Amino acid sequence: MNRVFVCSCFGVTEEQVKSHAEAGACTPRQIASACKAGTDCGGCVRRIQALLGRGACPRRQLADQGGPVLADFPEAA
């Protein structure tokens, strides 16, 4: 399997970033919360932004329309 690392600090691959994005992480900050990518040296933040692009993201679309973005997330324990 060919792994392309986005974040060398935490060993996060492109596939992991894409997986988190499909699960609803639409911003580099949300990716960071999901897997720590972008929270150490910061060198991968632009690559994460490029991977996220302006692609289809249900939560981003809700935000663009002024809808509740985090309404379906369970509260933090």
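Higher on the page you've got the structure.
Report on the accompanying structure. (Residues numbered from 1 in each chain as written. Predicted model: local features only at pLDDT ≥ 70, side-chain atom pairs only at ≥ 80, totals over all residues. Heavy atoms only, no water.)

1. Observations concerning the pattern of salt bridges
Tallied over the entire structure, the rule returns 2 salt bridges. The residue Lys18 makes a salt bridge to Glu14 at a minimum N-O spacing of 4.0 Å. Separated by 4 residues within a single helix, Lys18 and Glu14 lie in helix α1 (residues 14-22), roughly one turn from each other. The exposure class of Lys18 is partly exposed, given its relative accessible area of 34%. As a salt-bridge pair, Arg47 and Glu14 come within 2.2 Å of each other at their nearest N and O atoms. On the criterion of sequence distance, the pair formed by Arg47 in helix α3 (residues 45-52) and Glu14 in helix α1 is long-range, its members being 33 residues apart. Classification of Arg47 by relative accessible area gives partly exposed; the value is 38%. Relative accessible area serves as the criterion here: at 14%, Glu14 is assigned to the buried category. (Salt bridge = Lys/Arg side-chain N within 4 Å of Asp/Glu carboxyl O. Helix = DSSP H or I, 4+ residues; strand = E, 2+ residues; numbered from the N terminus. Buried < 20%, exposed > 50% of the residue type's maximum accessible area, 1.4 Å probe, protein only.)

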